[in-house]
Amino acid sequence: MTGPLVIAIDGAAGSGKSTLSRGLARVLDLPYVNTGSMYRALAAAAIRANVSPDDEVALLELMKDLRFTLEGGSPRELVVEGYPPAALTRPQVESTVSTVSRHPRVRGSMRDRQRVLGRDGAVMEGRDIASVVFPDAGVKLFLRAGERLRTKRRADERGVDDAAAVASALRDRDELDARTNALEAVAGAIVIDTEELDVEATLAAALAVVRATWPGVGA
């Protein structure tokens, strides 16, 4: 296959998407774009400006001031100007992002920006990358894991000890996200169950899929 390689990665929160996406981007020398961070940045901006997450018009105005770039190396990653990563994982942001991201015009504007970020090839992590943003992505992966493992991963990622609170937050997030996009693999996506796989084994499984589709890539 020819042209820029876009790898679309989907799955529930805590299924290992971010770890896999960053690993693939590093091995394949591609940018890594966590599109969820774009919506979290908008949620953080709304909180900062005291804008209701239900006010689509006001959210669209806030989006005009958000700057998304690819920076760093091994891999280059999405950076949101003025919003360090720690600011995007605060509990208030996590509880707001699903509401912010459900607005059609907000999603439309974000998708336009995501296409720009991924147009030269990238590992793109997000709920509608494979179905809407890059429906012709060269590789589509969907990660699956049970609630207990997802809870542990998210708790470790956030440095939180209250597993029950994390599990409850994940269930609430799943329910809210499903109102916008069904949590299921799109046609043509390869499902990887990470329940019994560690980080290295998950990466190896994903690389095998990529190289079977794009021989020689990342060699």
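Residues numbered from 1 in each chain as written. Predicted model: local features only at pLDDT ≥ 70, side-chain atom pairs only at ≥ 80, totals over all residues. Heavy atoms only, no water.

Some words on the overall build of the protein chain
Check the secondary structure of the protein chain and you find 9 helices and 7 strands. A compact globule built from 219 residues would reach a C-alpha radius of gyration of about 17 Å, and the protein chain, at 17 Å, matches this within 12%. If you line up the protein chain on its principal axes, its C-alpha atoms span 50 × 40 × 30 Å. Expressed as a percentage of its 219 residues, the buried residues of the protein chain come to 49%. Across the protein chain, every contact between residues at least 6 apart in sequence was considered, and the portion connecting residues at least 24 apart equals 76%. Carbon together with sulfur atoms contributes 51% to the accessible area of the protein chain, which is approximately 10,700 Å² in total. (Helix = DSSP H or I, 4+ residues; strand = E, 2+ residues; numbered from the N terminus. Rg over C-alpha atoms; globule rule 2.2 N^0.38 Å. Buried < 20%, exposed > 50% of the residue type's maximum accessible area, 1.4 Å probe, protein only. Contact = heavy atoms within 4.5 Å. Areas by Shrake-Rupley, 256 points an atom, 1.4 Å probe, with all protein chains shown as cover.)

Comments concerning the packing of helix α1 (residues 17-28) against helix α9 (residues 199-213)
Contact pair α1 / α9: the axes reach a minimum separation of 10 Å and the direction vectors enclose 55°. On the basis of the axis angle, α1 is oblique to α9. For the pair α1 and α9, the sense of crossing is right-handed. For the pair α1 and α9, the contacting residues are Thr19, Leu20, Gly23, Leu24, Arg26, Val27 and Leu28 in the first and Val199, Thr202, Leu203, Ala206, Leu207, Val210 and Arg211 in the second. (Axes fitted to C-alpha atoms, helices over the stretch in contact; angles between N-to-C directions. Parallel < 35°, antiparallel > 145°, perpendicular 65-115°, else oblique. Left-handed = near helix turned anticlockwise from the far one by under 90°.)

Here's the deal with the pattern of salt bridges
Counting across every chain of the model gives 9 salt bridges. Notably, a salt bridge pairs Glu56 with Arg105, separated by 3.6 Å at the nearest N-O pair. Of this pair, Glu56 sits in helix α3 (residues 56-63) while Arg105 sits in helix α5 (residues 104-118), placing them 49 residues apart in sequence. Residue Arg105 is classed as partly exposed on the basis of its relative accessible area of 49%. Among the charged side chains, a network of salt bridges with common partners joins Arg107, Arg111 and Asp128. (Salt bridge = Lys/Arg side-chain N within 4 Å of Asp/Glu carboxyl O.)

Some details on empty space enclosed by the protein
Counted according to the given criterion, the structure contains 1 cavity of 30 Å³ or more. Roughly 30 Å³ of volume is contained in the largest cavity. Top element by residues in the lining of the largest cavity is strand β6 (residues 139-144). It accounts for 3 residues. When the residues that make up the lining of the largest cavity are grouped by side-chain class, the tally is 6 nonpolar, no polar and 2 charged. (1 Å grid on protein atoms, 1.4 Å probe; cavity = no way out; pocket = protein on both sides within 12 Å on 5 of 7 lines; lining within 4 Å. Points joined across faces, edges and corners; volume = space filled by probe spheres on them. Nonpolar A, V, L, I, M, F, W, Y, C, P; charged D, E, K, R; others polar.)

Description of the side chain of His103
On the secondary structure map, His103 appears in the loop between α4 (91-100) and α5. Only 2.7 Å separates the side chain of His103 from the backbone oxygen of Pro53, close enough to count as a polar contact. For His103, the residues in contact, after removing those within four places along its chain, are Pro53, Asp54, Asp55, Glu56 and Leu59. (Polar contact = N/O pair within 3.5 Å; in protein donor to acceptor, adjacent residues only side chain to side chain.)

Observations regarding α5
Along its 15 residues, α5 runs 21 Å from first to last C-alpha, staying within 8% of the 21 Å computed at 1.5 Å per residue. Buried within α5 are the following residues: Val106, Arg107, Met110, Arg111, Gln114, Leu117 and Gly118. Along the axis of α5, the buried positions cluster into a sector of 130°, meaning they face one direction only. (Expected span 1.5 Å × (residues − 1). Arc of directions from axis to C-beta.)

As for the pairing of strand β3 (residues 68-71)
Sheet analysis places β3 next to strand β4 (residues 77-80), joined by 4 bridges and oriented antiparallel. Counted as the bridge partner of Glu71 is Glu77 from β4. Counting the residues in the hairpin turn of β3 and β4 gives 5 residues, including Gly72, whose phi is positive at 85°. (Pairing = 2+ DSSP bridges.)

Quick word on the packing of helix α2 (residues 35-49) against α5
For the pair α2 and α5, interaxial distance at closest approach is 11 Å and the crossing angle is 135°. Here α5 runs oblique to α2, going by the angle between their axes. Considering only the axes of α2 and α5, their crossing is right-handed. From α2, Thr35, Met38, Tyr39 and Leu42 reach across to α5, where they touch Val106, Arg107, Met110, Arg113, Gln114 and Leu117. Its residues assigned to classes, the contact of α2 with α5 comprises 6 nonpolar, 2 polar and 2 charged.

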